[in-house]
Amino acid sequence: MELLYHLATGFGVALEPANLFACFVGVFIGTLIGVLPGIGPVGAMSLLLPVTFKSSPEAAIIMLAGIYYGSMYGGSTTSILVNIPGEAASVVTCLDGYQMARQGRAGAALGIAAFGSFIAGTFAVVGLMLVAPPLSRFALRFGPPEYFSLMVLGLTILVYLAHGSMVKALIMGLLGIVLGLIGLDPFNTKARLTFGQMDLMDGIGLVPIVMGLFGVSEVLLNIERQVTREALKTKIGGLLPSAQDWLESKWALIRGTVLGFFLGILPGGGGVIASFISYAVEKKFSKTPELFGKGAIAGVAGPESANNAAAGGAFIPLLTLGIPTNAVIALLLGALMIHGVQPGPLLMKQNPGLFWGVIASMYIGNVMLLVLNLPLIGIWVQVLKIPYRILFPIILLLCLVGVYSISNSVFDIYIMIGFGLFGYLMRKFEYEGAPLILAFVLGPMVEVNLRKSLIMSDGNFFIFFTRPLSAFFIILAIVLLVFPLIPGLGKKRDKIAALDEPD
Amino acid sequence: MKRADCISSIFWVILSIGLIKWGWELDLGTLAAPDAGFIIFGVGVVMLGLAVAILIQTLYAKTGLQERKRLWSGQGWRKVVFVLASLIAYSYFLVPLGFLPATFLLLIFLFKWIEPHRWITAIGISAAMVSVTYLVFGYWLGCQLPKGLFDYL
């Protein structure tokens, strides 16, 4: 009963005109971002962060969350029609989605992707609603050692699941931690790594780094490569999947949803890995695995459900523990803090309107997305035709204005340009940006909790092993780090990493 | 990736030595009372170990021919340099010139020289984009965009 009461409160918040509008804007922009290759949800959310400054925290988070799960919906469109994933979680949809489109079944592929996303997204919201409250109460037992160990585990999982070299991902994570520490020491206010620059006293902002790494660097790479896109010249009809299509994809939908939800909760997990694992699982379970890669509808339904369920699941650690599990959620954490909201176990008690309002808005957002994705496919196809040479100056301009408007600082623009160049080189040298961003956000929390733990234990590192929960997290992290050193298991991880390569 | 990994690992070695030095200078404290440099120093040490590992791995790797060509093939990198230079110039002139003229000039440059369009198209799109951005950020969101030359308005 209590749950229904809270949910009613949430719908009361979500259905307020301003919040409803924020939800619509969020899912619309999210779909648009998902459709457009060259800008992902992280870049889009950081671009639109300044837009939320004038709104209430509820409207801001509802909109930003809408962009995240909306982009998961939209990403499938480009994968199916152009064979270019709109965002990383839709890479695997290209394999069978594009083949279906070439066989004249683009409508069925888009339809099952949209319905699968809707079903999985809705399931994830129900899961979030049921799991978050008890987890929140449980999280109140966490002390500094538990928080430290959990964050280390999150970073380790992200590093473990990195696309390429684990060592490179670890280095990026370490760099992220150091960048997060720039500014005044939280214990004794000593200036660290500021090199006498007053602009660095408050540290580096998340938005300039994210926009540089994900916005500017993407533009630089695309103008260098001369990106050209050609939409498939096929008629998209029959968006409602047939009975046969449903029959072939029902188990893929269910498995993808459950798998995606749990992988989303996992620190370091997320839509990308969920979609790849779902694809591998479906191929394994299929009676006709030879059809995968040649237009199997289960190869679209499973991954698309998985990445949407993961998007919903990823909110659980953020809302209950205050810990982001991936770069997008890290940005949401930043947004919450900018709006003066401290996510964590007490969020539900201190801000019930925001907590339940965001959950309720996801139900509404999922319905909006279904409405947006099916009848508006024609518009999204037209959007795909905007040439990149028109698009890239717009992206750059939004990055520049977005960064400047946050703190009216030209210094932040220089930081963004610097990270744009760094991100460009980083991709050339096959380093990943996600561990850096997550570590950047977690870095200060990792430091504070480590130092508090050591003070608590009088300098004894065994405090992380003597407390059961902390020991569980830290041992799991150590196992994951040692795993690749075992020859057989290392090879398995490399195979997954190779499969995960977008090219 | 032999050459690229070699270059990147040398970069990380230099950075990690810097971190170790800065961490040390900031004071490490003790284990029971870690000070400001404790984590920075620790991160530096671990990063140094990883960078050296990549470097050693790279030196024993067999691949890597034709790499320079693959990393920087074609003429595209020139555009990257021009875009970066234009963004730096924009940041430099943003406050003295003001948002409207500086942004208009940047967009003209991007539309005309980076990915060439006709003059009329470049001017038209640039003017429209500057106006829309100014209306949204300057008026609607109330951001303090620099006025520069139009400060008297």
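Here the residue index of a chain counts from 1 through its sequence in written order. Labels are handed out in written order, letters beginning with A for the chains and numbers beginning with 1 for the ligands. The predicted nature of this model means local features are confined to residues of pLDDT at least 70 and side-chain atom pairs, given and counted, to a pLDDT of 80 or more, with totals for whole chains, interfaces and linings taken over all residues.

### Quick notes on the overall build of chain A
What counts as a helix is a DSSP run of H or I of at least four residues, what counts as a strand is a run of E of at least two, and both are numbered from the N terminus. Helix and strand counts for chain A come out as 23 helices and 2 strands. A pair of residues counts as a contact when their C-beta atoms, built from backbone coordinates, are within 7 Å of each other. Expressed as a percentage of contacts within chain A between residues at least 6 apart in sequence, the contacts between residues at least 24 apart total 79%.

### Some words on the overall build of chain B
Counting its regular elements, chain B contains 6 helices and 0 strands. Moving toward the C terminus, one meets the helices and strands of chain B in the order α-α-α-α-α-α. Our exposure labels follow a C-beta count within 10 Å of each residue's own C-beta, placed from the backbone: buried means 20 or more other C-beta atoms, exposed means 12 or fewer, and partly exposed covers the counts in between. Counting the 153 residues in chain B, one finds 28% classified as buried. Sequence separation of at least 24 residues holds for 56% of the intrachain contacts in chain B that already meet a minimum separation of 6.

### Observations regarding the interface of chain B and chain A
Chain B puts 47 residues into the contact, and the matching count from chain A is 46 residues. Elements represented by at least two residues in the side of chain B that touches chain A include exactly α1 (2–26), α2 (38–60), α4 (76–97), α5 (99–114) and α6 (119–140) of chain B. With 12 residues, α4 of chain B is the single largest residue contributor to the side of chain B that touches chain A. The residue classification treats Ala, Val, Leu, Ile, Met, Phe, Trp, Tyr, Cys and Pro as nonpolar and Asp, Glu, Lys and Arg as charged. All others, Gly included, are polar. Its residues assigned to classes, the side of chain B that touches chain A comprises 38 nonpolar, 7 polar and 2 charged.

### Some points on the domain arrangement of chain B
Per the annotation, domain bounds derive from an automatic or database assignment of domains. Taken domain by domain, chain B consists of domain 1 (2–71) and domain 2 (76–150). For domain 1 of chain B and domain 2 of chain B, the distance between their C-alpha centroids amounts to 38 Å.

### Side note on helix α18 (residues 388–407) of chain A
Every α-helical turn comprises 3.6 residues, leaving residues that sit three or four positions apart pointing alike. Residue and element names in this part refer to chain A. Given a rise of 1.5 Å per residue, 20 residues ought to cover 28 Å, and the 30 Å separating the end C-alpha atoms of α18 matches this to within 8%. Counting buried residues along α18, 14 of its 20 residues qualify, which places the element largely inside the surrounding structure. Where α18 terminates, the next one or two residues include Asn 408, which has phi positive at roughly 50°. By definition here, a helix of n residues has an expected span of 1.5 Å times n minus one.

### Examining the environment of Gln 99 of chain A
Residues and elements named next belong to chain A. Mapped onto the elements, Gln 99 comes out in helix α5 (residues 93–102). Measuring from C-alpha to C-alpha, the distance between Gln 99 and Asp 199 comes to 52 Å, with 100 residues separating the pair along the chain. Setting aside residues no more than four positions away along its own chain, Gln 99 makes contact with Gly 293, Lys 294 and Gly 295.

### Here we look at α5 of chain A
Residue and element names in this part refer to chain A. Within α5, 9 of the 10 residues are buried, which leaves it mostly tucked inside the rest of the structure. Where α5 is concerned, the buried positions are Thr 93, Cys 94, Leu 95, Asp 96, Gly 97, Tyr 98, Gln 99, Met 100 and Ala 101. Check the buried side of α5 and you find it contacts α4 (57–82), α6 (106–139) and α12 (298–313).

### Some thoughts on the environment of Gly 74 of chain A
Residue and element names in this part refer to chain A. The topology assignment puts Gly 74 in helix α4. Assessed through the 29 C-beta atoms surrounding it within 10 Å, Gly 74 is described here as buried. Along the backbone, Gly 74 and Leu 480 are 406 residues apart, and their C-alpha atoms lie at a distance of 33 Å.

### Re the packing of α4 of chain A against helix α16 (residues 352–373) of chain A
Residues and elements named next belong to chain A. The geometry of α4 relative to α16 is characterised by a closest axis approach of 9 Å and an angle of 40° between their N-to-C directions. On the basis of their axis angle, the class for α4 and α16 is oblique. Crossing of α4 over α16 shows right-handed handedness. Seen from α4, the contacting residues are Pro 57, Glu 58, Ile 61, Ile 62, Ala 65, Gly 66, Tyr 69, Gly 70 and Tyr 73; seen from α16, they are Gly 353, Leu 354, Gly 357, Val 358, Ser 361, Met 362, Gly 365, Leu 369 and Asn 373. Counted by class, the contact of α4 with α16 contains 10 nonpolar, 7 polar and 1 charged residues. An axis is simply a line fitted to the C-alpha atoms; with a helix, the fit covers only the stretch in contact. Between two such axes, the angle follows the N-to-C directions and lies from 0 to 180 degrees. Note on angle classes: values under 35 degrees are labelled roughly parallel, values over 145 roughly antiparallel, values of 65 to 115 roughly perpendicular, and the remainder oblique. Left-handed is the label given to a crossing in which the near helix is rotated counterclockwise from the far helix by less than a right angle, and right-handed is the label when the rotation is clockwise.

### Regarding the environment of Leu 100 of chain B
All names here are of chain B. Secondary-structure assignment places Leu 100 in helix α5. What makes Leu 100 buried here is the crowd of 20 C-beta atoms within 10 Å. The spacing of Leu 100 and Pro 146 is 46 residues in sequence and 8.5 Å in space, taken between C-alpha atoms.

### Topic: the confidence of the model for chain A
Each residue carries a pLDDT value, the predictor's own confidence for that position, ranging from 0 to 100. Mean pLDDT over chain A works out to 82, with 90% of the residues at or above the 70 mark. Long-range and interchain partners of residues 499–503 of chain A, a stretch whose pLDDT sits below 50, account for 6 contacts in this model, where long-range means more than four residues apart.

### A short note on unusual backbone geometry
Although it is not a glycine, Phe 195 of chain A sits at a positive phi angle of roughly 50°. Following the sequence through the fold, Phe 195 of chain A ends up in the loop between β2 (191–192) and α9 (206–225). Exposure remark for Phe 195 of chain A: the 8 C-beta atoms within 10 Å place this residue in the exposed category. Positive phi, close to 90°, is recorded for Asp 27 of chain B, a residue that is not glycine. Structurally, the position occupied by Asp 27 of chain B is in the loop between α1 and α2.

### So, the packing of α9 of chain A against helix α20 (residues 434–456) of chain A
Residue and element names in this part refer to chain A. In the contact formed by α9 and α20, the axes pass within 11 Å of each other and the chain directions differ by 175°. In terms of orientation, α9 lies roughly antiparallel with respect to α20. Judged by residue contacts, Leu 206, Ile 209, Val 210 and Leu 213 of α9 engage Ile 437, Phe 440 and Val 441 from α20. Of the residues that constitute the contact of α9 with α20, the class distribution is 7 nonpolar, no polar and no charged.

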